[in-house]
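So you can see what is in the structure, the chains are spelled out below.
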Amino acid sequence: MINALLAIVPLGLATGALVWTMSAGAREQQRSDKWAEQWMRDNA
């Protein structure tokens with residue numbers, strides 16, 4: 001039982017960190033795309 005818990009906890013932390021990183025990256029990419037779109041309108 002303890003071995004299972006010791007295996008699941010790091011896996012859960014790694015998965016959670018990956019999900020958080022991907023969602024933060026997607027949010028920043030969306031912000032960057034909006035900025036680039038506005039820049040193109042202003043400078044085209």
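Note: the structure precedes this text.
Throughout this document, residue positions are counted from 1 along each chain, in the order its sequence is written. In keeping with the predicted nature of the model, local features appear solely for residues at pLDDT of at least 70, side-chain atom pairs appear and are counted solely at 80 or more, and the whole-chain, interface and lining totals rest on all residues. As a convention, hydrogens and water are excluded, and side-chain values are obtained from all of the structure's heavy atoms.

(A) View of the pattern of salt bridges. Salt bridges are defined by distance alone: a side-chain nitrogen of Lys or Arg within 4 Å of a carboxyl oxygen of Asp or Glu. For the structure shown, the criterion picks out two salt bridges. Residue R31 pairs with E28 through a salt bridge whose shortest N-O separation is 3.4 Å. You can see R31 and its partner E28 sitting in helix α1 (residues 2-43), three residues apart, about one turn around the helix. Think of it in three bands: with a 1.4 Å probe and only protein chains considered, a residue is buried below 20% of the maximum accessible area for its type, exposed above 50%, and partly exposed in between. Assessed through its relative accessible area of 58%, R31 is described here as exposed. E28 sits in the partly exposed class, given a relative accessible area of 41%. Notably, a salt bridge pairs R41 with E37, separated by 3.7 Å at the nearest N-O pair. With R41 and E37 both in helix α1 and four residues apart, this pair spans about one turn of that helix. Given a relative accessible area of 54%, R41 falls into the exposed group. A run of H or I in DSSP counts as a helix once it spans at least four residues, and a run of E counts as a strand once it spans at least two, with each numbered from the N terminus.

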